[in-house]
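# Remarks on the overall topology
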Amino acid sequence: MNNYGFINKVYDGVVEIIGLKNAKYGEMIIFENYEKGIVFSLNKNSVNIVLLNNFENLKQGQKCFCTNKVFEVPVGEELIGKILNSKGECLNIKQKLKIKKKDIIEKIAPGVMDRESVNEPLLTGIKAIDAMIPIGKGQRELIIGDRQTGKTTIALDIIINQKNKNVICIYVCIGQKISSLINVVNKLKKHNCLEYTIIVSATASDSAAEQYIAPYTGCTIGEYFRDLGKDCLIIYDDLTKHAWSYRQISLLLKRPPGREAYPGDVFYLHSRLLERSSKVNNLFLKKKNVFKKNGTLTAFPIIETLEGDVTSFIPTNVISITDGQIFLDTSLFNSNIRPAINVGLSVSRVGGAAQYKIIKKLSGDIRIMLAQYRELESFSKFSSDLDSETKNQLQNGEKITLLMKQKPHNNYSIIELLIILLIIKNDFFIKIPVNQIEYFEEKIIQYVRNINISDYISINNNNIEYYINEIINNFIIKSI
Ligand code: ATP
Ligand code: MG
């Protein structure tokens, strides 16, 4: 047995070892001074290890040992409300966490026979998304856009909206500034979301190896809840920086660079991560001895683009892996249409099956109206005199766009969304001047929140459309 080796070269966060003949890919290695590392590549005469702790104390010639174990992180309910690093150590409480269970970070995703189709809605509380880009539990939906277009805000809103809905949320921070992470934590605290949220953090100041394993750590924790038959949601903020950290490690190890200097297997880096989010079926749960409802793990990866270019390497890869994308547009954001969702370029390929029937029926028309509006708008820039019908259509399109605007952390319940959709469908908004649309919308939502209608009307009620129309009429009569 040759299960030890010696350090030959120390790079920035990566070491080359001679020996370790029995090392396996992904295995945990322990050094003389108890530092830990993971086997990253197996070469003919050497093994490369990425380091999870400091590498300053490591020197050439030091000894290291195989552990015969794949790297493991803690999982379990006790992690809820905690901020963890990518090794699963808790950062926000002083005493050590009592860990009951650990699990390996790299796993094979559930296969075709273990999955069930997505059919339960996951409400985000964002009008434009719930109406036009519906998300189902177990889906993977990409949030993509340039820097500072509100990507993190959408992700946070989705977490905030899961309050009291029995969904466990995980926020994985990869390569962000510490100040951004603090901002996120403060917002979650302010909205009392930490009681069902876990944060896994690998900020820009952490090593490339830590940034590289952080999403897998988060995913493993999520899978634990999924396999208990619970609903879980995970946000990877963001996978562009994850790809950068992987590229950094690969270039240090002199792997041949490919397109944009990424190594050849960068597609697999993200596909093996995102394939792990799923809705599993009874068969799968039986294997795990769970006899509850089918668990789900819904993923929201975030990708940052440069100048809105979705055709560069990492964006196209992740677009092709996920079940749809929410595309955020800088020009919309700058013209104060926020959330800056470009409805034309955004899709949800599986969520339609999970949408409430009435919402589906009403939002189909709006999608078409908005598409026509965009086309007309770009067309009308060329000609100055328009006929009255076109002018009307343009004005209505503008009003619908304004009705879909939403402030951050101001989530809409499904009934409140229905009210907005019915206002559009029944042309209640036509008589209101453009500059008063936002005021009108704010007032009617305030009115509805005051009378608490969500408490006594269910979205599945057959007469819901009639009830809601009555409420809108009442409001309009009152305000006149
Ligand atoms: P980064 O690229 O730095 O990660 P980001 O795309 O995650 O940025 P955010 O940090 O979410 O963007 O948002 C950028 C700014 O836009 C924030 O100041 C936020 O308050 C503002 N913002 C986001 N969404 C909205 C909204 N719906 N209405 C008004 N302001 C918004
Ligand atoms: Mg962000």
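As recorded by an unreviewed UniProt entry, the protein carries the name ATP synthase subunit alpha and is attributed to Candidatus Carsonella ruddii HC isolate Thao2000. Regarding the protein, the UniProt comment filed under Catalytic activity (unreviewed entry) reads as follows: "ATP + H2O + 4 H(+)(in) = ADP + phosphate + 5 H(+)(out)". The Function (unreviewed entry) comment attached to the protein in UniProt states, word for word, "Produces ATP from ADP in the presence of a proton gradient across the membrane. The alpha chain is a regulatory subunit."

Moving on to a nonpolar patch on the surface. Together, Y4, F6 and F65 line one region of the surface with nonpolar side chains, adding up to about 270 Å² of accessible area. With respect to the helices and strands, the residue F65 is situated in strand 6 (residues 63–70).

So, about the sheet that holds strand 5 (residues 46–51). Overall, antiparallel pairing links the six strands, which are arranged 1-2-5-4-3-6 in a closed barrel. Strand-to-strand twist in this sheet, taken as the mean axis angle between neighbours without regard to direction, amounts to 45°. Looking at chain direction, strand 3 (residues 27–31) and strand 6 are connected through four bridges and run antiparallel. Bridge assignment links I30 to a residue of strand 6, and that residue is F65.

Here the focus is a positive patch on the surface. Among the surface-exposed residues, K36, K69, K96 and K102 lie close enough to one another that they form a single positively charged patch. Counting through the fold element by element, K96 comes out in the loop between strand 8 (83–85) and strand 9 (101–104). Look at K96 and you get exposed, because its relative accessible area is 81%.

For the coordinates displayed, the defined rule picks out 10 aromatic pairs. A centroid spacing of 5.3 Å and a plane angle of 75° characterise the contact between Y224 and F225, whose relative ring orientation is edge-to-face. Its relative accessible area of 0% is what places F225 among the buried residues. Site record: aromatic cluster; members linked through ring pairs are F40, Y212, Y216 and Y246. Across from the ring centre of Y268, 5.0 Å away, lies the NZ or CZ of R272, which sits over that ring. The ring of F333 carries the charged tip of R338 above its face, separated from the ring centre by 4.0 Å.

What counts, and at which threshold
- Residues numbered from 1 in each chain as written.
- Chains lettered and ligands numbered in written order.
- Predicted model: local features only at pLDDT ≥ 70, side-chain atom pairs only at ≥ 80, totals over all residues.
- Heavy atoms only, no water.
- UniProt positions renumbered as here; feature names shortened; annotations may be inferred.
- Patch = residues over 30% accessible without salt bridge, like charges linked within 9 Å, V, L, I, M, F, W, Y side chains within 5 Å.
- Areas by Shrake-Rupley, 256 points an atom, 1.4 Å probe, with all protein chains shown as cover.
- Salt bridge = Lys/Arg side-chain N within 4 Å of Asp/Glu carboxyl O.
- Helix = DSSP H or I, 4+ residues; strand = E, 2+ residues; numbered from the N terminus.
- Pairing = 2+ DSSP bridges.
- Axes fitted to C-alpha atoms, helices over the stretch in contact; angles between N-to-C directions.
- Lys, Arg positive; Asp, Glu negative; His and termini not counted.
- Charge placed at Lys NZ, Arg CZ, Asp CG, Glu CD.
- Buried < 20%, exposed > 50% of the residue type's maximum accessible area, 1.4 Å probe, protein only.
- Phe/Tyr/Trp six-rings, centres within 6.5 Å; stacked < 30°, edge-to-face > 60°.
- Lys NZ or Arg CZ within 6 Å of the ring centre and 35° of its normal.

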